[in-house]
Amino acid sequence: MAAALAAAVAAALGALLLAPGGTEPPGDGPAAASSSSFSFSSSSPWGAAERWRPPGVRMDQALLLVRNELPEQGLRLLARCGACHRCAYQLLAVLPPRGDGGPGKAVVVVDTQHPLSLLLSGSLAGSELCKTQYHFGEFGNYSLVIKTLSTSTKTVSCAIVINEGPINSYLPILFAFLVYMGILAILITGRLVMKIDPVRNWVYKKLNPRETDRLINSELGSPNTTDSVSSDPAPHLWSATSRQRLRSLDTFRGLSLIIMVFVNYGGGKYWFFKHESWNGLTVADLVFPWFVFIMGTSISLSLSSMLRWGSSKRKVLGKILWRSFLLILLGVIVVNPNYCIGPLSWENLRIPGVLQRLGLTYLVVAALELLFTRAGADSGTLEMSCPALQDILPYWPQWIFILMLEVIWLCLTFLLPVPGCPRGYLGPGGIGDFGNYPNCTGGAAGYIDRLILGENHIYQHPSSSVLYQTTMPYDPEGILGTINTILMAFLGLQAGKIILSYRDQHKQILSRFLIWSIVMGIISAILTKCSKEEGFIPINKNLWSTSYVTTMSCFAFILLLLIYYLVDVKRLWSGAPFFYPGMNSILVYIGHEVFEDYFPFKWRMRDSQSHAEHLTQNLIATTLWVIISYVLYRKRIFWKI
């Protein structure tokens, strides 16, 4: 039933978001710079969203006709994106002067994702005739009229006129939201109906379902109570505490994973579903650290389980090493696909990646926990001088190690000399910082990767390459950032220790999650000065800055608090549908990467410049992976490493 309903989501999305209506102009003639080149499709339920548009204007762009009433020669129109911090103005067009035939005209295409600052510069260096800021709308048709307001003062006016209004490119998100809310309403209604005894008995009789046993050793170090005793006899059991593992952890992991799949598939090509160009956060920047966080939580629970069941530390260490090796190996394979393009070139092999970083992080955090774990520390049986800190004080050697790692990150980031760059540089390079440091992308982090790994073995198209026009390769999963990924996993490990130290004490667990969230939030506020760009250490996913880790940890503790309360304390939510991909996270992640370009996850679009079509395709692909994970769960198929 759940699979059928999920399939209905895909069908409904296709029907709503791919509603009929022309999206392409009927001819191949050149676009005119006037409003007459546009028309509206009256048959489309999308209204303006299905308007014809001239060739040359792509998604997230608008057409701007510049009408120059001034007679001066050499006028230049420059532009700067509002999201580009400390960027120099870039030349947009050289304007012809007004002549006998009328005003000088120029047609340009402008970006619509962020507000744009327009500057009219005279022939003399540094002369500014007028300046304006405007947020253009997608596929809009605008005119910039430049004229003199007063002949005596020679005051120049730059006025923007709307020839044709833009489309509402966010309507597809609203429709998709309504579709999923409709499916949710159907599920809730079905669950209420199933509580009626005659209905439930009839359904069970027809379907004869078999309850799926929980597989207690999912990947990345999830809590384990059976795997560790498959070969070793257990001297004792968990007794009252040997219950099913927490569904909230798999739900948290699955939620992070599904958002990750969606944004990796394109997120409808909306800018807020892509990674931030440099400083700041978007939806895409949330999911990887959350996945790392819950991995750390699972490490705490799984290692405690293994040791309680009598596994030796040597055996557990062997499993940690093997899992880390497999993650790194799979990562190298996944980020270097050569399915249809011939042999893999070792000269351009990318070494860092998501799974590689997960493998290294898992190795360090799990080994650290195994090395310094103390019997009874996770069950609250040790005598403590300060019981309120029983989830922290027994693990002081681990905290010292993590703090030493953070000191190393700070010293390398702010003290390491980088040729041609200011010491402690955290910027994107390119045209950022007014173009003074074009080859300094990432500062010390980028320099270390290029020095150790080589330019050909790191990511070639960083998120800063579009907005900041950077040309240097930079890898967001590079060497230096791994240190703070370890910090993120360790904070997740702390969440697991809270669950173990205060087992069955829900109020204590929830209150400590809240306290940790507040502490992390305060640290973030101090490091960033509550500013996107002006803090001591800005929030930056590319750098995996300290403030990025503390901010994501703040969010993670709050999110885990809510899911834990709803799923495991009050049991108001089963965790579906996120619970199912959370149980098969490695399979879903690798599968969505490998089959990304294959049907039914991708197909040829009628209009590749439509947010609606991209959103439909990406949501259907993501929904299919939820269906696959549900079917695998029902079939009791789990991919473990």
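The coordinates are above.
Rules used in this analysis
Residues numbered from 1 in each chain as written. Predicted model: local features only at pLDDT ≥ 70, side-chain atom pairs only at ≥ 80, totals over all residues. Heavy atoms only, no water. Helix = DSSP H or I, 4+ residues; strand = E, 2+ residues; numbered from the N terminus. Areas by Shrake-Rupley, 256 points an atom, 1.4 Å probe, with all protein chains shown as cover. Buried < 20%, exposed > 50% of the residue type's maximum accessible area, 1.4 Å probe, protein only. Contact = heavy atoms within 4.5 Å. Pairing = 2+ DSSP bridges. Axes fitted to C-alpha atoms, helices over the stretch in contact; angles between N-to-C directions. Polar contact = N/O pair within 3.5 Å; in protein donor to acceptor, adjacent residues only side chain to side chain. Phe/Tyr/Trp six-rings, centres within 6.5 Å; stacked < 30°, edge-to-face > 60°. Lys NZ or Arg CZ within 6 Å of the ring centre and 35° of its normal. Left-handed = near helix turned anticlockwise from the far one by under 90°. Nonpolar A, V, L, I, M, F, W, Y, C, P; charged D, E, K, R; others polar. Disulfide = S-S within 2.5 Å.

A. Quick peek at the overall build of the chain. Helices and strands together make up the secondary structure of the chain, namely 16 helices and eight strands. Put simply, the chain shows about 29300 Å² of open surface, and 63% of that area lies on carbon and sulfur atoms.

B. Broad picture of the environment of Leu358. The topology assignment puts Leu358 in helix H7 (residues 354-372). Classification of Leu358 as buried rests on a relative accessible area of 3%. C-alpha of Leu358 to C-alpha of Glu477: the two residues are 119 residues apart in sequence and 9.8 Å apart in space. Excluding residues within four positions of it along the chain, Leu358 makes contact with Phe288, Phe291, Val292, Met295 and Leu327.

C. Spatial organisation of the sheet that holds strand S4 (residues 104-111). In spatial order, the strands read S4-S1-S7-S8; together these four strands make up an open sheet with mixed pairing. In this open sheet, the two edge strands, each paired with only one partner strand, are S4 and strand S8 (155-164). Sheet twist, expressed as the mean angle between neighbouring strand axes with direction ignored, is 25°. Pairing analysis gives nine bridges linking strand S7 (residues 141-150) to S8, with the strands arranged antiparallel. For Ser150, the partnering residue across the bridge sits in S8 and is Thr155.

D. Highlighting the side chain of Asn68. Its location among the elements puts Asn68 in strand S1 (residues 61-68). At 3.0 Å, the side chain of Asn68 forms a polar contact with the backbone oxygen of Pro96.

E. Highlighting the packing of aromatic side chains. What the rule picks out here adds up to 32 aromatic pairs. Residues Phe513 and Tyr564 carry aromatic rings whose centres are separated by 6.3 Å and whose planes lie at 80° to one another, so their mutual orientation is edge-to-face. Of this pair, Phe513 sits in helix H12 (residues 506-528) while Tyr564 is found in helix H13 (residues 546-569), placing the two residues 51 residues apart along the sequence. Among the aromatic side chains, those forming a connected cluster through ring pairs are Phe252, Trp290, Phe293, Trp399, Phe490, Phe513, Trp516, Phe557 and Tyr564. Sitting above the plane of the Phe579 ring, Arg247 keeps its charged end 3.7 Å from the centroid.

F. Representation of unusual backbone geometry. In this structure, the amide linkage connecting Ala576 to the following residue, Pro577, adopts the cis form with an omega of 0°. With respect to the helices and strands, the residue Pro577 is situated in the loop between H13 and helix H14 (579-583). Between Phe599 and the following residue, Pro600, the backbone shows a cis peptide bond with an omega angle of 10°. Its place among the elements puts Pro600 in the loop between helix H15 (585-594) and helix H16 (611-634). Even without glycine at this site, Asp60 takes up a positive phi of about 65°. With respect to the secondary-structure elements, Asp60 resides in the loop between helix H1 (2-17) and S1.

G. Representation of the sheet that holds strand S5 (residues 116-121) within the structure. Pairing in this open sheet of four strands is antiparallel, and the strands run S3-S2-S5-S6 from one edge to the other. Edge positions in the open sheet fall to strand S3 (90-95) and strand S6 (128-134), since each of these has one partner strand only. Ignoring which end each strand starts from, the neighbouring axes of this sheet average 20° apart. For S5 and S6, the ladder comprises six bridges, and the chain directions are antiparallel. The residue bridging Leu118 from the neighbouring strand is Thr132, located in S6.

H. Spotlight on the packing of helix H5 (residues 287-308) against helix H6 (residues 313-334). With their axes 10 Å apart at the nearest point, H5 and H6 run at an angle of 145° to one another. Here H5 and H6 pass one another in a crossing that is right-handed. Contact with H5, carried on its side by Leu303, Met306 and Leu307, involves Lys313, Val316, Lys319, Ile320 and Arg323 of H6 and no other residues of that element. Class assignment of the residues belonging to the contact of H5 with H6 gives a composition of five nonpolar, no polar and three charged.

I. How the structure looks around the state of the cysteines. For the structure shown, the criterion picks out three disulfides. Between the sulfur of Cys84 and that of Cys87 lies a disulfide, 1.7 Å long from S to S. The S-S bond linking Cys84 to Cys87 shows a torsion near -65°; that makes this disulfide left-handed. Side by side, Cys84 and Cys87 carry an identical accessibility label, which is buried. With a sulfur-sulfur separation of 1.9 Å, Cys421 is cross-linked through a disulfide to Cys440. For the disulfide bridge between Cys421 and Cys440, the dihedral angle about the S-S bond is near -100°, and by the sign convention the bridge is left-handed. You can see Cys421 sitting in the loop between helix H8 (396-415) and helix H9 (444-452) and its partner Cys440 sitting in the loop between H8 and H9, a full 19 residues away along the chain. On the basis of relative accessible area, Cys421 is assigned to the buried category, the value being 14%.

Spatial relationships are all this shows, so hold off on functional conclusions.
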